Structures are given as C-alpha cells and as structure tokens.
Amino acid sequence: MAYSLKDEVAKPERFTGGHRMCAGCGSPVAVRGVLRALNPEDKAVVGVATGCLEVSSFMYPYTAWRDSYIHTAFENAGATLSGVEACYNALKKKGKIDETYKFIAFGGDGGTYDIGFQSLSGAMERGHDMVYVCYDNEAYMNTGIQRSSSTPRFADATTSPAGTAIPGKQQNKKDLTEVIAAHGVPYVGQTSFLGNMKDLHEKAHKAIYTPGAAFLNIMAPCPRGWRYATENLIEICRLAVETCVWPLYEVTDGKWTVTYQPKKKLPVEDYLKPQGRFAHLFEKGNEWMIEEWQNAVDGKWEALLKKSG
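So, here's what we can say about the structure. Please read all numbers here as calculations on a predicted model, not as lab measurements.

Rules used throughout
- Residues numbered from 1 in each chain as written.
- Predicted model: local features only at pLDDT ≥ 70, side-chain atom pairs only at ≥ 80, totals over all residues.
- Heavy atoms only, no water.
- Buried < 20%, exposed > 50% of the residue type's maximum accessible area, 1.4 Å probe, protein only.
- Helix = DSSP H or I, 4+ residues; strand = E, 2+ residues; numbered from the N terminus.
- Pairing = 2+ DSSP bridges.
- Contact = heavy atoms within 4.5 Å.
- Axes fitted to C-alpha atoms, helices over the stretch in contact; angles between N-to-C directions.
- Core = buried A, V, L, I, M, F, W, Y, C linked by side-chain atoms within 4.5 Å.
- Disulfide = S-S within 2.5 Å.

**Concerning the pairing of strand β10 (residues 255-258)**
Here β10 shows a clear split, with Trp 256 and Val 258 buried on one side and none of Lys 255 and Thr 257 buried on the other. Note: strand β9 (residues 249-252) against β10, four bridges, orientation antiparallel. Bridged to Tyr 249 within β10 is Val 258. Hairpin connection between β9 and β10: a loop of two residues separates the two successive antiparallel strands, and Asp 253 in this loop has a positive phi of roughly 50°.

**Concerning the environment of Leu 239**
As for its position among the elements, Leu 239 is in helix α10 (residues 233-242). Residues Leu 239 and Glu 269, 30 residues apart in the sequence, show an inter-C-alpha distance of 9.6 Å. For Leu 239, the residues in contact, after removing those within four places along its chain, are Leu 266, Asp 270, Tyr 271 and Pro 274.

**Re unusual backbone geometry**
In this chain, Tyr 60 is followed by Pro 61 through a cis amide linkage whose omega measures 10°. Structurally, the position occupied by Pro 61 is in the loop between β2 (58-59) and β3 (62-63). Backbone geometry places Glu 138, a non-glycine residue, at a positive phi of 65°. Along the chain, Glu 138 falls in the loop between β6 (131-136) and α7 (176-181).

**Examining the sheet that holds strand β1 (residues 43-49)**
The strand order β4-β1-β5-β6-β8-β7-β9-β10 describes an open sheet built from eight strands, whose pairing is mixed. Strands at the two margins of the open sheet, each flanked by one partner only, are β4 (68-72) and β10. Between one strand and the next, the sheet's axes are offset by a mean angle of 15°, whatever the strand orientation. Relative to strand β8 (residues 214-219), β6 is paired through six bridges, and the arrangement is parallel. Residue pairing in the sheet places Val 133 in a bridge with Leu 216 of β8.

**Quick notes on the nonpolar core**
Grouped together as the largest cluster of nonpolar side chains are 89 residues, with contacts concentrated most on Val 34, Leu 35, Trp 65, Phe 106, Phe 215, Tyr 271 and Trp 293. When neighbours within four sequence positions are excluded, Phe 215 is seen to be in contact with Thr 112, Leu 120, Met 124, Tyr 132, Cys 134, Leu 176, Thr 177, Ile 180, Tyr 187, Val 188 and Gly 189.

**As for the state of the cysteines**
For the coordinates displayed, the defined rule picks out zero disulfides. With no disulfide of its own, Cys 25 has Cys 222 as its nearest cysteine by sulfur position, at a separation of 6.3 Å. Unpaired in terms of disulfides, Cys 237 finds its nearest cysteine sulfur in Cys 25, a separation of 11 Å.

See the structure below:
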C-alpha cells in the first residue's frame, strides 16, 4: 500500500501519552507505529507479555491502550492471543459478532526469544490469524538488565558483566526473525525506526492484514541498558541499519526481500561506540572484539543478500 505520512499522523492515537516508559525508550515508539497501521474502522485486541511495556502502560485503573487489552504472563502471550482469535472465529461463525477485529501481541525479547518462545512457536505453527510483535531491547530490562538470548556478544549486562574474567556476554545473539521464518508463516518482517517510519508502517500493515500468522521484530533500544543519551534513540537505530547490524528485510510466503540497502555500509564501531554497554570494546587490547563483530555482521549480511537474490 502507498505510504502517506500525512495520513498516518492524522489517525487517532490508539496508544496514548501519559504512560510511564522511560524517556528515549524504543518500545512505545514501536507500539504507536504498529497500531497506526490499523485501519481506523477496525478494532483490535492487544495482548502484552509481562515486561517494561506492560508494567508501565497499564496500572489499574489507568491504561494507555484504547483497544481491548489483555495483560498476559511472561510465557504465554502467543497462547493467549491465539485463544482469543479462535474464540472470535467461533463467535463470528455463529453470527454473534459482525465487526472486524485484529489480534496483536507485544512482548520484549525476554518474553519472546526466551520465556515465551514455546507459546509463540505454537501460535505460529498453528497458523492463527494474528501478529506477534517483539520490541527487541536485547536484555531483561524490566528486572535489572540481565542478559537474554537476544543480548549481543560482548555486551555488558548485569549477569554477563564485562571485567577481567570475561569481556561481557560470551554467546552470539539468537536470530529469532530467521527462526520464525523457518516456521513457514505467511509474513515475517524485521524493522526499526528510520527516517519517516515508512519501513515500519508498511511492514506493520502487511503483518496485520496478511491472512494467517505473522511476526514482526522491531529493534527498540533501551537507554538504561544500552547506556546512550535519551535523545539519540533514532540515531542508534539508524546506525544499526546503516552498519547492517540490524538489516531491514521481510519474508513473504517464503520469499526473502531486503527492503533497505545502505548506500555506504558503515563500520560496526560507529554503532558500538555511542553505547556504554560496549565501552570496554574500545579499551587497548580489545580490538579483536570489534574485529569479530565486523566479521560476524559481514557474514550474516552476505548470507541475507544471497537469500534475497
């Protein structure tokens, strides 16, 4: 569909201000972008896994959500929304519901890559007509910045501290977007905040309005865990994309497509340097870590280009 910034801005907010997310946090920006992709006449049921977004946006009796909202446990956002979608289909078949509803689950990387992966995988495999959106901030930010399977290699987190014994997390980041693509669902997209949000909006619209199961992975930085200045949120995302640390692509019915290619691919150190969690990589003697980062990013980028033809 054609993207019009003017039309998107004119839509009424479905996720309001007044929530308690941190300044400079990526997750509320991600949520607003996804919900703006809904057609105004359509209703939505939103489920949010326990995490920063949930505890800061729905403090009974106050809520930032204008659509029907379900707080789920860490581990079952996928199961909850798939059950609601099945109930909706049954009621519609009986003629008890005429309106169009869309079903959207949100979860951080802790509730998506790790604790909630089983229910997410089940919902995708069963093919429920729903969208699971991961706001990926690469650690368990809500409970103290512990490492998750989404945390990148060498990142300094409270359970993988950078010190004399180990230089941060030892394992590579799990590539969950590829894992969900391997489920063979109709639509998978990876996106973030770039320019006028065109890529985010178009992928959110495709995810919501493609029949069947869909998954959207959105880089959503955390100023506390990543240790960057709050006003640099969009710049951090831009650098992630321009260095190909976080490539923008989609998989539609098995077809891989890179949706943005940098005109001049930047070195990964441009992305790493503004973040305090990687400060130790720039200490004398640690140059090998940046070199390994670059080699890993280059390898995955070349592999992605081959998949997309």
